Amino acid sequence: MQIFFDDRQCLHNPARELHNGDWTDYYESADRARKIAGTVGAATAPADFGEGPIAAVHAPEYLHFLKTAMTRWREAGRSGDAIGYVWPIVRRRALEFGRIDAELGQYSMDASTPISDSTWEAAYWNAQCAVAAAHTVLSGEKSAFALCRPPGHHAGRDYLGGYCYLNNVAIAAQHALDQGRSRVAILDVDYHHGNGTQDIFWRRGNVLFASLHADPRTDFPFYWGHADERGEGDGAGATLNYPLPRGTTIEPYRSALSQALKKIEASAPELLLVSFGADTFALDPISHFELQREDYAVIGRDIAALGLPSVIVMEGGYDLDALGDNTTEFLGAF
Ligand code: OKP
Ligand code: ZN
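Bear in mind that the values here come from a model prediction, so they are computed numbers and not experimental data.

(A) Spotlight on the site of ligand 1. The immediate surroundings of ligand 1 are formed by 13 residues, with His-19, Asn-20, His-153, His-154 and Tyr-318 found nearest. In this structure, an oxygen atom belonging to ligand 1 sits 2.9 Å away from a side-chain N or O atom of Asp-279. For ligand 1, the accessible surface in isolation is 410 Å², of which the surrounding protein chains cover 90%. Partitioning the shell around ligand 1 into residue classes produces 3 nonpolar, 8 polar and 2 charged.

Take a look at the structure:
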């Protein structure tokens, strides 16, 4: 299986994050990608598909914000990473003014996603990995793996959050549609709900979004991912949420997965994109499911049994000791 990874993804390197009210080392470290790359096998650097595929998903003003945030943060006299600390409740009037502090709140959904020097460059090449993996599968390969880091599924059309800046899986899915595919499905098996992906395709009938995740009544991102969120307009019924309780083991996980897979099969997509997170692992430091290493092979086989051309995009997973092995188990099924 072809694997895409670019060393520049490691340039993004926030120093710390606000975690449950304390400052901690940044869980979403560059070492995550190095661990995966060191275990899954040889990776290729992606070709440069340009900004087009990114701009097909994200708002131009948001991309401008991402590219310039660090310079403006420095100009405001700040050292260290740029982090928002004031948010426009739901949506205030569309005020436009240049204050970086205000824009950090406008273009983000949480306080645990700092912008560091080179975040844009890292996110850009990260997205190129997802496009390259999609391109590979659109060209006839059965599957490909985008070793994305930072993750992407919490980032919306015009906001960052949950360690995510550009929505890699959404960019890959949109690229497939723009290359002539008419129906795609996204299956999100990260521990956390993929709110950004859901938001981006909320009104789209040609993109089925199905997500298995920790119940947002107890877990991040709280405000999305409840079972009654099903999409709207043309997208009504094309969003499927399977919230699961803390402590979930492979048996209940698999039965939810089989429901999601049936819906995906019934929607007859031409391409499957998987947001894969290994933070469902029992020893993950920020998550609360109970999956074991061998379970990733089982989940992988269940998904691969659909027989669909598949683009696998890396999302979360924070137990550095197990991350490479768990990911390898999952990919092995494809
Ligand atoms: C990203 B991905 C509260 C802070 C929550 C954000 C988690 C983002 C996970 N402890 N931090 O879905 O793995
Ligand atoms: Zn996650």
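(B) Expanded view of the pairing of strand β8 (residues 271-276). Buried residues dominate β8, accounting for 6 of its 6 residues. Alternating residues of β8 divide into Leu-271, Leu-273 and Ser-275 and Leu-272, Val-274 and Phe-276, and every residue in both groups is buried. For strand β5 (residues 184-188) and β8, the ladder comprises 5 bridges, and the chain directions are parallel. Bridge pairing links Ala-185 to Leu-272 in β8. Pairing of β8 with strand β9 (residues 310-314), which is carried by 5 bridges, proceeds in the parallel orientation.

(C) Here's a closer look at empty space enclosed by the protein. Per the stated rule, a full pass over the model turns up 2 cavities of 30 Å³ or more. Every residue lining the largest cavity is listed: Ala-82, Ile-83, Gly-84, Leu-104, Ser-108, Asp-110, Thr-113 and Leu-160. By residue class, the composition of the lining of the largest cavity is 4 nonpolar, 3 polar and 1 charged. Taken as a whole, the second largest cavity encloses approximately 30 Å³ of empty space. The wall of the second largest cavity is formed by Val-189, Tyr-253, Phe-276, Gly-277, Thr-280, Leu-291, Tyr-296, Ile-299 and Phe-330. Looking at the lining of the second largest cavity residue by residue, the class counts come to 7 nonpolar, 2 polar and no charged.

Cut-offs and rules
- Residues numbered from 1 in each chain as written.
- Chains lettered and ligands numbered in written order.
- Predicted model: local features only at pLDDT ≥ 70, side-chain atom pairs only at ≥ 80, totals over all residues.
- Heavy atoms only, no water.
- Near = heavy atom within 4 Å.
- Polar contact = N/O pair within 3.5 Å; in protein donor to acceptor, adjacent residues only side chain to side chain.
- Areas by Shrake-Rupley, 256 points an atom, 1.4 Å probe, with all protein chains shown as cover.
- Nonpolar A, V, L, I, M, F, W, Y, C, P; charged D, E, K, R; others polar.
- Buried < 20%, exposed > 50% of the residue type's maximum accessible area, 1.4 Å probe, protein only.
- Helix = DSSP H or I, 4+ residues; strand = E, 2+ residues; numbered from the N terminus.
- Pairing = 2+ DSSP bridges.
- 1 Å grid on protein atoms, 1.4 Å probe; cavity = no way out; pocket = protein on both sides within 12 Å on 5 of 7 lines; lining within 4 Å.
- Points joined across faces, edges and corners; volume = space filled by probe spheres on them.

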